Amino acid sequence: MTAPVRTRYAPSPTGLMHVGNLRTALFEYLIAKSAGGVFVLRIEDTDQERQVEGAEQVIYDTLKRVGLVHDEGPDVGGPYAPYVQSQRRHLYRPYAEQLVAEGKAYRCFCTRERQESLRADAEGIQGYDRHCRDLPAEEVERLLAAGTPHVIRQKMPLTGTTAFHDAVYGTIQVENKELEDQVLLKSDGYPTYNFANVIDDHEMRITHVVRGSEYLSSAPKYNLLYDAFGWEVPEYVHLPLIVGRNPDGTVSKLSKRHGATSFDDLVREGYLPEAIINYIALLGWAPGDTREVFSLAELTETFRISGISKSPALFDYDKLAWFNAGYLRAMEPARFLETAAAPIDQALGGRCLDRTLLASILQPRVERLTDIPGMIGFLAALPDYDTDLFTHKKMKTDPALALTVLTEALETLASLPEWGVEPIHTALI
Ligand code: GLU
């Protein structure tokens, strides 16, 4: 019998939820739920310097808002609690000590200055020069007795190759001599991210590790750790890079200069959570047919790992706006009115107009909620405008002709017995 699928979303609380993080969360959720499995939330806060106040709450709020409900996590508990790495701190040292005792890791007493100077003069050597790897046992004892601060590093094999398999990128092989003796436990007793995620994924019985392709180059190191402990390696699913289009037509890693990149900023710009999730699902995944519009339940039904592509995925704001317009149009009119009420009121600036009527005119036309003030602001105050707008060569109109037509239209409209959309439309055509 194969183990039930268990995935984890493991964000570091370092700021707003970037679309890349949200996509990772979504794919983790879909991989678990499409197989009837368990979706775990784990907060990775071992890098204390990078923590941002309030960022953990942003994670909970975003997941809730888009409907990615986790089965286990810091707020809901579960069989492998605690789910916050800083609360698991005491768990990592025994594993690191086990590797030291087995000769698979060692204590490194090099000062930070020495390590930094190595980086500066490195010629050919990548990173740490393994200075403490073979220190005599007595020397280690002496330094320990003197209370010398130290880290624990993993002994990487000096020869041979390490291969790992990724569900999207296939089998990748690296030369062991290129792998640095990575730090497992820092001198403050905190594990490094590289160590903690392996221990936690193993302890939490994670079967599929889904993360951005920027972690691909670390995967061999993780494999060597699983091997050192004799543990089964989970299935790796690395997701393609998300890129944005530059003004010169080239693409580069999505960043703020392309537009909003966090969930909160996208919502602030007038995109609906359900449109964002639908669009993000298609960043690097395709259903294998021509469908594009999916609810979360439909995604859960359709999602397959084999549909994930390794080519960079373009974040196209026009396409997102297209999805958004579709979701706005498909809303029940009452829900659209509720959703659009704030920007409509903002546009009217206190002027009392029929909001239901306005909403019915806006619903088929709006792409983003934030476009509404620009579309109907003239109802609150007619701005100065250029009479050039009455000149249209093809239609052979000019300000003089416009004046005649508008004067006639005014008479026609004034004499209308019923002031409604239909009669106005009929009277003017
Ligand atoms: N804490 C890491 C991050 O936020 C997670 C990487 C992973 O999923 O393993 O980037």
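Before reading further, recall that the structure is shown in the block above.
Model, not experiment: these values are computed from the prediction.

(A) Highlighting the pairing of strand S2 (residues 38–41). As paired elements, strand S1 (residues 6–9) and S2 share four bridges and run parallel to each other. Looking at S2, one finds that Thr7 is bridged to Phe39.

(B) Representation of the packing of aromatic side chains within the structure. All chains considered together, the criterion is met by 14 aromatic pairs. Considering the side-chain rings of Tyr95 and Trp231, the 5.5 Å spacing of their centres and the 80° angle between planes classify their relative orientation as edge-to-face. Here Trp231 lies in the loop between helix H7 (219–229) and strand S9 (235–239) and Tyr95 lies in helix H3 (residues 89–101), a separation of 136 residues in the sequence. Between Tyr193 and Tyr215 the ring centres are 5.6 Å apart and the planes differ by 55°, which places this aromatic pair in the tilted class. Of this pair, Tyr193 sits in helix H6 (residues 193–203) while Tyr215 is found in the loop between strand S8 (208–212) and H7, placing the two residues 22 residues apart along the sequence. Residue Tyr193 is classed as partly exposed on the basis of its relative accessible area of 22%. An aromatic cluster is defined as three or more aromatic residues linked by ring pairs; in this entry it consists of Tyr279, Phe315, Tyr317, Trp322 and Phe323.

(C) Layout of the pairing of strand S3 (residues 105–108). With burial as the criterion, each face of S3 is covered, one bearing Ala105 and Arg107 and the other bearing Tyr106 and Cys108. Inspection of the sheet shows S3 paired to strand S4 (residues 151–154) by four bridges, in the antiparallel sense. Pairing of Tyr106 across the sheet is with Arg153, part of S4.

(D) Structural context of the sheet that holds strand S7 (residues 183–185). Strand order in this open sheet of three strands is S3-S4-S7, and the pairing throughout is antiparallel. The sheet is open, and its two borders are formed by S3 and S7, each paired with just one other strand. In this sheet, neighbouring strand axes are inclined to one another by 40° on average, regardless of whether the strands run parallel or antiparallel. As paired strands, S4 and S7 are joined by two bridges and run antiparallel to one another. From the neighbouring strand, Arg153 faces S7, where its bridge partner is Val183.

(E) Seen up close, the environment of Glu72. Its location among the elements puts Glu72 in the loop between helix H2 (55–66) and H3. As for Glu72 and Phe39, which are separated by 33 residues in sequence, their C-alpha atoms are 6.8 Å apart. In contact with Glu72, other than residues within four places in its own chain, are Arg6, Val38, Phe39, Val40, Leu41, Gly77, Gly78, Pro79, Tyr80 and Tyr83. Looking at Glu72, its side chain comes within polar contact range of the side chain of Tyr83, at 2.7 Å.

(F) Summary view of helix H13 (residues 355–362). Taken as a whole, H13 has its buried residues at Leu358, Ala359 and Leu362. The arc enclosing the buried residues of H13, seen along the axis, measures out at 100°, which places them on a common side. Tucked inside the fold, the buried residues of H13 contact helix H12 (333–348) and helix H14 (372–376). N-cap assignment for H13: the residue whose side-chain oxygen lies 3.1 Å from the backbone N of Thr356 is Asp354.

(G) Summary view of the environment of Leu63. By the secondary structure assignment, Leu63 is in helix H2. Other than its neighbours up to four places away in sequence, Leu63 contacts Tyr9, Met17, Ala25, Leu41, Leu68 and His70.

(H) Focus on the nonpolar core. The biggest cluster of nonpolar side chains holds 96 residues, and the ones touching the most others in it are Leu22, Leu26, Leu68, Phe195, Leu266, Phe315 and Ile344. Looking at which element gives the most residues to this core, the answer is helix H1 (residues 19–34), with nine residues. The next biggest cluster of nonpolar side chains, apart from the first, holds seven residues, and it includes Tyr106, Cys108, Leu118 and Cys132.

(I) How the structure looks around the site of the ligand. Arg8, Ala10, Pro11, Ser12, Glu44, Tyr193, Arg211 and Tyr215 make up every residue found near the ligand. In the model, a nitrogen atom of the ligand is placed 2.7 Å from a nitrogen or oxygen of the Glu44 side chain. When isolated, the ligand has an accessible area of 300 Å², and the protein chains bury 84% of it. Its residues assigned to classes, the shell around the ligand comprises four nonpolar, one polar and three charged.

(J) Broad picture of the side chain of Asn176. Position of Asn176 relative to the elements: it lies in the loop between strand S6 (170–175) and S7. Within polar-contact distance, the side chain of Asn176 engages the backbone oxygen of Thr159 at 2.8 Å. Those residues in contact with Asn176 that lie beyond four places of it in its chain are Pro157, Thr159, Gly160, Thr161, Thr162 and Leu224.

(K) Region of interest: a nonpolar patch on the surface. Together, Phe378, Leu382, Tyr385 and Leu389 give the surface a local cluster of nonpolar side chains, amounting to about 470 Å² of exposed area. Relative to the assigned elements, Leu382 resides in the loop between H14 and helix H15 (399–414).

(L) Structural context of the side chain of Arg6. Among the secondary structure elements, Arg6 is positioned in strand S1. Of the polar contacts made by the side chain of Arg6, one reaches the side chain of Glu72; its length is 2.9 Å. Ignoring any residue separated from it by four or fewer positions in sequence, one finds Arg6 in contact with Val38, Val40, Glu72, Tyr80, Met204, Arg205, Ile206, Thr207 and His208.

Conventions we followed
- Residues numbered from 1 in each chain as written.
- Predicted model: local features only at pLDDT ≥ 70, side-chain atom pairs only at ≥ 80, totals over all residues.
- Heavy atoms only, no water.
- Pairing = 2+ DSSP bridges.
- Helix = DSSP H or I, 4+ residues; strand = E, 2+ residues; numbered from the N terminus.
- Phe/Tyr/Trp six-rings, centres within 6.5 Å; stacked < 30°, edge-to-face > 60°.
- Buried < 20%, exposed > 50% of the residue type's maximum accessible area, 1.4 Å probe, protein only.
- Axes fitted to C-alpha atoms, helices over the stretch in contact; angles between N-to-C directions.
- Contact = heavy atoms within 4.5 Å.
- Polar contact = N/O pair within 3.5 Å; in protein donor to acceptor, adjacent residues only side chain to side chain.
- Arc of directions from axis to C-beta.
- Core = buried A, V, L, I, M, F, W, Y, C linked by side-chain atoms within 4.5 Å.
- Near = heavy atom within 4 Å.
- Areas by Shrake-Rupley, 256 points an atom, 1.4 Å probe, with all protein chains shown as cover.
- Nonpolar A, V, L, I, M, F, W, Y, C, P; charged D, E, K, R; others polar.
- Patch = residues over 30% accessible without salt bridge, like charges linked within 9 Å, V, L, I, M, F, W, Y side chains within 5 Å.
- Salt bridge = Lys/Arg side-chain N within 4 Å of Asp/Glu carboxyl O.

Just geometry here; none of it tells us what the structure is for.
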